[in-house]
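Structural description and commentary
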Amino acid sequence: MRKRTLLTAALVLTAGAYAARMTAKMLGEWARYERIREMSDEGPLLEEMPKIAGETLLQERAFARELISFTFKFPVEIARYLRMESM
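An account of the accompanying structure is given in this report. This is a predicted model, so every value here is computed, not measured.

So, how was this worked out
Residues numbered from 1 in each chain as written. Predicted model: local features only at pLDDT ≥ 70, side-chain atom pairs only at ≥ 80, totals over all residues. Heavy atoms only, no water. Axes fitted to C-alpha atoms, helices over the stretch in contact; angles between N-to-C directions. Helix = DSSP H or I, 4+ residues; strand = E, 2+ residues; numbered from the N terminus. Parallel < 35°, antiparallel > 145°, perpendicular 65-115°, else oblique. Contact = heavy atoms within 4.5 Å. Nonpolar A, V, L, I, M, F, W, Y, C, P; charged D, E, K, R; others polar. Salt bridge = Lys/Arg side-chain N within 4 Å of Asp/Glu carboxyl O. Buried < 20%, exposed > 50% of the residue type's maximum accessible area, 1.4 Å probe, protein only.

1. Remarks on the packing of helix 1 (residues 3-39) against helix 2 (residues 45-59)
Direction vectors running N to C along helix 1 and helix 2 enclose 105 degrees, while the axes themselves pass 11 Å from each other. With respect to their mutual orientation, helix 1 and helix 2 come out roughly perpendicular. Residues W30, Y33, E34 and R37 of helix 1 pack against L45, L46, E48 and M49 of helix 2. Here the residues of the contact of helix 1 with helix 2 are counted per class, giving five nonpolar, no polar and three charged.

Put into structure tokens, the structure is as follows:
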């Protein structure tokens, strides 16, 4: 197998495992938080999510720009690295 194929497979597997792990953690935290909200007679969190997301995006605009920039630059940087590695 080529180094590029191995690197790509390793990145995909790592990203998939990380996403699965984070999803499992988030679902557990979501359920716990819903129980806390229920005990304090508050509505479900899902009803408030659009408002919370909007406030968060306003507060974290710079991070969102950096994340978008990184998302577009990352594949280019990986490709450049792989080209240099294959020389």
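2. Observations concerning the pattern of salt bridges
Following the criterion strictly, the structure yields four salt bridges and no others. Between E42 and R37 there is a salt bridge; the shortest N-O distance is 3.1 Å. The exposure class assigned to E42 is partly exposed, which follows from its relative accessible area of 42%. Judged by its relative accessible area of 4%, R37 falls in the buried class. Shared partners join several salt bridges into a network, and the residues in it are R37, E42 and E48.

Worth remembering: the numbers are spatial, not functional.
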